Amino acid sequence: MTTGDLSERRSWAERCYRVMLLGYPREYRRRHGGELLGTLLEAHPSRRLPSVRESVHLLDAGLLTRLRSRPAGVPAWASGLQLGLLLLVLVRAGTMLGHVTTVQQPEAVILLPSLLVVVALLLGRMGSAAVLAAIAAVAGTSQALASSGGHGTDVLGGLFASRTFEASWALNFWLSPGLTQYWVVAAGSAVIALNRRTRGPLPRRSWYWLTVLLAQVALTVGNNLLLPAGVPANHRPPSLPGAAVGLPVLPLIVTVGFLLLALRATVVIGDPRWAVAAGVYLIPVAVSAAVLAVGMPSAVATLGDQLPAVLLAAGCAVALRRRAPRRTES
Amino acid sequence: MSEATYFILAALLDGPLHGYAVIKRAQEQSGGRVNLAVGTLYGALERMTDEGLIEVDHEEVVSGRPRRYFRVTDAGQGAVQEEAGRLAAAAAVVTERSGAQRAGTQRAGTPKRTTRGTRPAGSGGGVVIA
């Protein structure tokens, strides 16, 4: 092999490695990207393309480095709680925005605080988030009292939001994760804001989180356009186009993917933040599943009803298991 | 302690090394069983630095790219020696029993039998450490 061949091979490999290094946080890349690249090229001097094994480990290490990076001085429980609350409001606000463009038009008193809660959580302003979420929760609950709720398909677990039961209003409240979500956000934000150790704003979250909101908007719009108005997600006629049938599966896949990621982060890194976030995110649907099981035992239990509760329990168990050895060491 | 952590610490016992040298040394010392991927190695190095087992000794620039040399701390030395002792004690459970059995069979006048003890590092096939 000539020197020119080797040089060309290295340049191809180097380009591939540079792309894969994008999996690492920017700050990490800035400090150690060159060193990693040098080691990769030194370890595989004659490869034209990176090996599958090296690529998988590099991408995995980049993801774990991202998951491991935690704002200094913030307790793990507060960071995880903030993340879980952020996911809840991103999905809820995305659903509302999606409905604005199609069938349902939420009142401004609900929509505006919902969007502002997203901004407050991204900025780490937990006191403001608590107040705004409380306003959205009160407004949403009042509206639900006056009229029956609509239906929708939420990214990351709100799939279970649509239900039609002839039951008491109180039961329907607990069975509607869309209604309980803002109460959870208000309570969680207040806990962080009032805690002595987390006084003051938490560090800002990346604005890239807004992509979750945009994905939810797209999903809701698509869902509303493809489905006949007023037909709940679980009562669709069989003649619907394939996209309308496949659309509800998408949030379930994203939800399970997110939960598996949280589980892996908890197990591999030993950081309970992601399990806490997953647990917080699942509280509304887990409450709904529990109330359904207790309050309406005659209702047929589906995987969708039970899965969140099972995943929530698994996430908590892993978090506790990881914390136990640390306690004994200190 | 994971096998990767053990061999990284063992590799650094003789002095500071940079990332690629750690990979090579761990591979040699394990007889080829521990083949660290670069991503995995640096993830482990960051974690071990956070845990105080190793620290950056110095940095240099080679071919325009920075290179950190890591060295083991006192805590890291203690941890790897403790792990080595634990592994030796675990191995002794089997090797001493095998030795006693061999002595017993020799005393009884039966033909000498070869008994396999704990396989030394480097005698087995390739195992990739993730």
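Everything that follows concerns the structure shown earlier in this document.
Here is what the cut-offs are and how they apply
Residues numbered from 1 in each chain as written. Chains lettered and ligands numbered in written order. Predicted model: local features only at pLDDT ≥ 70, side-chain atom pairs only at ≥ 80, totals over all residues. Heavy atoms only, no water. Phe/Tyr/Trp six-rings, centres within 6.5 Å; stacked < 30°, edge-to-face > 60°. Buried < 20%, exposed > 50% of the residue type's maximum accessible area, 1.4 Å probe, protein only. Lys NZ or Arg CZ within 6 Å of the ring centre and 35° of its normal. Contact = heavy atoms within 4.5 Å. Buried area = accessible area lost by both parts, 1.4 Å probe. Salt bridge = Lys/Arg side-chain N within 4 Å of Asp/Glu carboxyl O. Polar contact = N/O pair within 3.5 Å; in protein donor to acceptor, adjacent residues only side chain to side chain. Helix = DSSP H or I, 4+ residues; strand = E, 2+ residues; numbered from the N terminus.

Looking now at the packing of aromatic side chains. For the structure shown, the criterion picks out two aromatic pairs over all chains. Considering the side-chain rings of Y24 of chain A and Y28 of chain A, the 5.0 Å spacing of their centres and the 15° angle between planes classify their relative orientation as stacked. Both residues of the pair, Y24 of chain A and Y28 of chain A, belong to the buried class. With 5.4 Å between their ring centres and 90° between their planes, Y6 of chain B and F7 of chain B make a pair best called edge-to-face. Here Y6 of chain B matches F7 of chain B in class, with each residue buried. Taking NZ or CZ as reference, R15 of chain A lies 5.4 Å from the ring centre of W12 of chain A, over its face.

What follows concerns the interface of chain B and chain A. Between chain B and chain A, the contact holds 21 residues from the first and 21 residues from the second. Counting the surface lost from both chain B and chain A, the interface buries some 1700 Å², and carbon and sulfur atoms represent 55% of this. The interface formed by chain B and chain A holds three salt bridges in total. The partner of E35 of chain A in a salt bridge is R68 of chain B, with the nearest N and O atoms 2.7 Å apart. Inspection of the region where chain B meets chain A yields 10 residue pairs in polar contact (both at pLDDT 80 or more). Broken down by element, the residue count for the side of chain B that touches chain A peaks at six residues, all from helix α3 (residues 38–50) of chain B.

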